[in-house]
Amino acid sequence: MANQRFDRQMQAYGQWKTALLAGIERYQRWLDNNKMGEAEDELRIYEVLEALRADRLTIAFVAEFARGKTELINAIFFSEYDRRLLPSEAGRTTMCPTELFWDNTTDKAYVRLLPIETRLSDTSIAEYKLEPVNWTHIELDLSSPDNMAEAFQEIVKVKKATLDDARKLGLYSDADAHMHMQNGKLPDKIDIPMWRHALISFPHPLLKQGLVILDTPGLNALGSEPELTLNMLPNAQAVVFVLAADTGVTKSDLEMWQHNVKPLRSGHKKGLFVVLNKVDTLWDELKTAAHIEKTVKDQCMRAAQTLGIDADQIYPASAQKGLLAKIRHDKDLLERSNILALENILAGEVLPYKQSLVREHILSSIGAMVKESHDILATRLASARKQLEELKGLSGKNNDVIELLMKKTRDEQVAYYKNVESFQANKRIIHEQSKKLGETINLASLDQLVAETRKTMSDSWTTHGLKAGMKTFFDGINSRLSEVSEFSDQLNRLVITIYRTFHQEHGIAEIKPALYSLTKYKQEFQQLYQEAEAFRTSPVTTMTEQHYVIKKFFISLVSHARNIFFKAQRDAEGWSKAVMSPLVKQIKEHKETMEQRLENLRKISESRDTLQARIDELEKSSASLMRQYAEVRSILNTINLPLEQVEEPAHTAKAS
Ligand SMILES: Nc1nc2c(ncn2[C@@H]2O[C@H](COP(=O)(O)OP(=O)(O)OP(=O)(O)O)[C@@H](O)[C@H]2O)c(=O)[nH]1
Ligand SMILES: [Mg+2]
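These numbers were taken from a predicted model, which means no experiment stands behind them. (Residues numbered from 1 in each chain as written. Chains lettered and ligands numbered in written order. Predicted model: local features only at pLDDT ≥ 70, side-chain atom pairs only at ≥ 80, totals over all residues. Heavy atoms only, no water.)

Engineer: How do you make sense of the overall build of the protein when you look at a structure like this?
Structural biologist: Each helix and strand counted, the protein has 23 helices and 11 strands in total. Projected onto the principal axes, the alpha-carbon positions of the protein cover approximately 115 × 60 × 45 Å. Counting over 656 residues, the protein shows a buried share of 50%. With an accessible surface of roughly 31100 Å², the protein has 51% of that area assigned to carbon and sulfur atoms. (Helix = DSSP H or I, 4+ residues; strand = E, 2+ residues; numbered from the N terminus. Buried < 20%, exposed > 50% of the residue type's maximum accessible area, 1.4 Å probe, protein only. Areas by Shrake-Rupley, 256 points an atom, 1.4 Å probe, with all protein chains shown as cover.)

In structure tokens:
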């Protein structure tokens, strides 16, 4: 009775991905067999296939310490081990961000830990991930749950550090002194986490299908690792924010919500879930079920008011009772814990959302290409049919008619060639201009902006310096984006005119060219700005050792912005290579069709016996074209297929 709907919905998602992979591979073979693909197309298909194979779905659990994040993860995903797999205890437990996933590149189960001292270097966690030598590696013995539990205990380890060392690591500042006082005195050494980040590769079926669970420590740790707030959490497809019924919404819960969680989903509402955990603490044997239900409802309502969301957006649950119920196979307790309802919500919302993201990615990378193949096949089919009709009409006609037809076709051909020449000139212009577009989105100019920003902050790595720095940085980004926008608008207009002319003057099929748009990147920058603002104004940022956090924050911010610029530039390059391709292909098709028609007419005028043979040939090729057309259509359909819903809509019965 372990994970039910989530499990099956994840399987349905896996099947969709498998069908998609197979469809795209078929398309790749089809392009190859028909010599339709260019090197550029092959590369893009290869990239899409690789991205699909490496595709992951990340669900992050975020909350203040001891709200039950780890217990929820144990209850939802890992109950079949009949024990508490990840350590969850009273007080601060999880000491470093922990990623659970399956490493399909090594097919090995392990725990990898990044020493806390790596915080002293400027290397990001993402970069460290590429260098296993920097991590402490522990193999997992899957046959022994005790051995696994012991290995997982590493994640919660702490060690003693002098105040000075802790300060250098950004883990202590004078403002936190009161938290460490012992008998009114500051100790010489304080506890700091052993590890900065943990990776657990574990062969659980869900993880094997690409699920990644990100468990995080409480507010302090979140505030001191900007990479988590700026990169890891925004990249997760879903964030579960956990509150606890025994504490209600405390000041630090609210701070975390406002500064670290809410901004994550400011652009889109999907993928943010709030759980009111530990509702079992409200279960009172002396009260009626109706009374308890009302107490839970009231608490959800109050929490919703404090967070500024609707009450039905908060899911009451008991992770601990849910885990216990699953281990004991106690259906009533499981129902009461409301864990299954929570699973239903995750399955019903996260997976379709994730699917829409993957679909968007595929459509933006190869959608136009597949559509182009589709259109070319449609053109070929139409011209084969037209030729068939023409040839069938010729039976019984004398040579004069054929001569006349040949002359007409030749004239058409001459006029056409002339226009193709002017097209070549236009194509060169587009090519040169779009090269300039790529240059406008220039990483070197971004780096220059970064240098300017650093100067503005002039080594004042304080929240005040950051405020000025962020203004220089985002103003600079905006002015660069406006420049690119203006240029790409001009270019888009030119492309539209060329396509339209060819359609109007030469009867080429009407194709809508793909236009270059910056909207996506502008939105990403807007989102980044909001996250950065929330981080800048967060009380944790103002409290912690500023120099350390702000420097790290700045590095994260820059790397994120660079990434967006890089994507915009890569897309501009891809776009400039692909934008004229549909028209080029249609022009080539048209040319070949005309040549073929002339050749047919010439052969028939030489010998009438060839007429029937030509008709037969054309009929055969029409049939083959029909099959190819159907094939490409089916690939387009698979990409657009909605995710099969494995059960009725999510059941959201509230816990009582
Ligand atoms: N009564 C009750 N206790 C719970 C529930 N969920 C978790 N707990 C307990 O609360 C304590 C903290 O749970 P954790 O899962 O470690 O909390 P966390 O949010 O991961 O905390 P950190 O790792 O410190 O950030 C543990 O003792 C859990 O057993 C619940 O639903 N009901
Ligand atoms: Mg924990």
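Now that the structure has been shown, the text picks up again.
Engineer: Help me understand the coordination of the magnesium ion (ligand 2), please; the structure alone is not making it clear to me.
Structural biologist: For a metal with four donors in a tetrahedral arrangement, the ideal angle between donors is 109.5 degrees, while six donors in an octahedron ideally sit at 90 or 180 degrees. Distances from the magnesium ion (ligand 2) to its protein donors, Thr-70 (OG1) and Thr-94 (OG1), fall at 2.0 Å. Here Thr-70 is found in helix H3 (residues 69-77), whereas its partner Thr-94 is found in the loop between H3 and strand E2 (98-101), with 24 residues between them in sequence. (Donors = N, O, S within 2.8 Å, 3.2 Å for Na, K, Ca; no water.)

Engineer: Just to check I follow, could you spell out the site of ligand 1 for this structure?
Structural biologist: In the neighbourhood of ligand 1, 25 residues make up the surrounding shell, with Ala-66, Thr-70, Thr-93, Thr-94 and Asp-280 lying closest. In this structure, Ser-88 approaches ligand 1 through a side-chain N or O atom, which is 3.1 Å from an oxygen atom. One of the side-chain nitrogen or oxygen atoms of Lys-278 is found 3.1 Å away from an oxygen atom of ligand 1. For ligand 1, the protein covers 92% of the area, taking 650 Å² as the surface of the free molecule. Going through the elements one at a time, H3 and helix H13 (319-328) are the ones with two or more residues in the shell around ligand 1. The greatest single-element share of the shell around ligand 1, amounting to three residues, is contributed by H3. (Near = heavy atom within 4 Å. Polar contact = N/O pair within 3.5 Å; in protein donor to acceptor, adjacent residues only side chain to side chain.)

Engineer: Is there a simple way to think about empty space enclosed by the protein in this case?
Structural biologist: Think of a ball as big as a water molecule: rolled over the atoms, this probe shows where empty space is left. Under the definition given, this model contains three cavities of 30 Å³ or more. Within this model, the largest cavity holds a volume of roughly 60 Å³. Looking at the largest cavity, the residues that line it are Tyr-27, Leu-31, Met-36, Gly-37, Asp-41, Met-369, Glu-372, Ser-373, Ile-376 and Lys-585. Breaking the lining of the largest cavity down by element, the ones donating at least two residues are helix H1 (5-33) and helix H15 (339-394). Among the elements that take part in the lining of the largest cavity, H15 stands out by supplying four residues, more than any other. Partitioned by chemical class, the residues of the lining of the largest cavity number five nonpolar, two polar and three charged. (1 Å grid on protein atoms, 1.4 Å probe; cavity = no way out; pocket = protein on both sides within 12 Å on 5 of 7 lines; lining within 4 Å. Points joined across faces, edges and corners; volume = space filled by probe spheres on them. Nonpolar A, V, L, I, M, F, W, Y, C, P; charged D, E, K, R; others polar.)

Engineer: Mind showing me how you'd approach helix H10 (residues 226-235) here?
Structural biologist: Helical geometry: 3.6 residues make up each α-helical turn, so side chains three or four residues apart lie on a common side. Extensive coverage of H10 is indicated by the burial of nine of its 10 residues. All of the buried residues in H10 are Pro-226, Glu-227, Leu-228, Thr-229, Leu-230, Asn-231, Met-232, Leu-233 and Pro-234.

Engineer: Teacher, can you tell me more about the pattern of salt bridges here?
Structural biologist: Opposite charge on two side chains allows them to pair when their charged atoms are near. Applying the stated rule across the entire model yields 37 salt bridges. The salt bridge partner of Lys-326 is Glu-343, with a shortest N-O separation of 2.6 Å. In this pair, Lys-326 sits in helix H13 while Glu-343 sits in helix H15, placing the two residues 17 residues apart along the sequence. A salt bridge links Lys-392 to Glu-619, with the nearest nitrogen and oxygen atoms 3.0 Å apart. Pair noted here: Lys-392 is in helix H15 and Glu-619 is in helix H23 (residues 610-640), with a separation of 227 residues, a long-range link. The class of Lys-392 is partly exposed, set by a relative accessible area of 44%. Overlapping salt bridges, with partners in common, bring together Asp-41, Arg-44, Glu-372 and Lys-585 in one network. (Salt bridge = Lys/Arg side-chain N within 4 Å of Asp/Glu carboxyl O.)

Engineer: I tried to follow the sheet that holds E2 on my own but got confused; where do I start?
Structural biologist: By definition, the strands of a sheet pair up through backbone hydrogen bonds, in either a parallel or an antiparallel sense. Pairing within the open sheet is mixed, and its nine strands lie in the order E4-E3-E7-E2-E8-E1-E9-E10-E11. Looking at the sheet topology across the chains shown, the edges are occupied by strand E4 (136-139) and strand E11 (314-316). Across the sheet, the mean angle separating the axes of adjacent strands is 20° when strand polarity is ignored. Sheet strands in contact with H15 are strand E1 (57-62), strand E9 (238-244), strand E10 (272-277) and E11, and its direction is about 170° off that of E10. (Pairing = 2+ DSSP bridges. Axes fitted to C-alpha atoms, helices over the stretch in contact; angles between N-to-C directions. Contact = heavy atoms within 4.5 Å.)

Engineer: Explanation requested: the packing of aromatic side chains in the structure shown.
Structural biologist: Aromatic ring pairs are described here by two measures, namely the spacing of the ring centres and the angle between the planes. Tallied over the entire structure, the rule returns 13 aromatic pairs. Look at Phe-101 and Tyr-110: their rings are 6.5 Å apart centre to centre, the planes differ by 75°, and that puts the pair in the edge-to-face class. Assigned by exposure class, Phe-101 and Tyr-110 land together as buried. With a centroid separation of 5.0 Å and 80° between ring planes, the pair formed by Phe-474 and Tyr-529 is classed as edge-to-face. Residue Phe-474 is found in helix H18 (residues 463-506), and its partner Tyr-529 is found in helix H19 (residues 519-537); the two are separated by 55 residues along the sequence. For Phe-474, a relative accessible area of 6% gives the class buried. (Phe/Tyr/Trp six-rings, centres within 6.5 Å; stacked < 30°, edge-to-face > 60°.)

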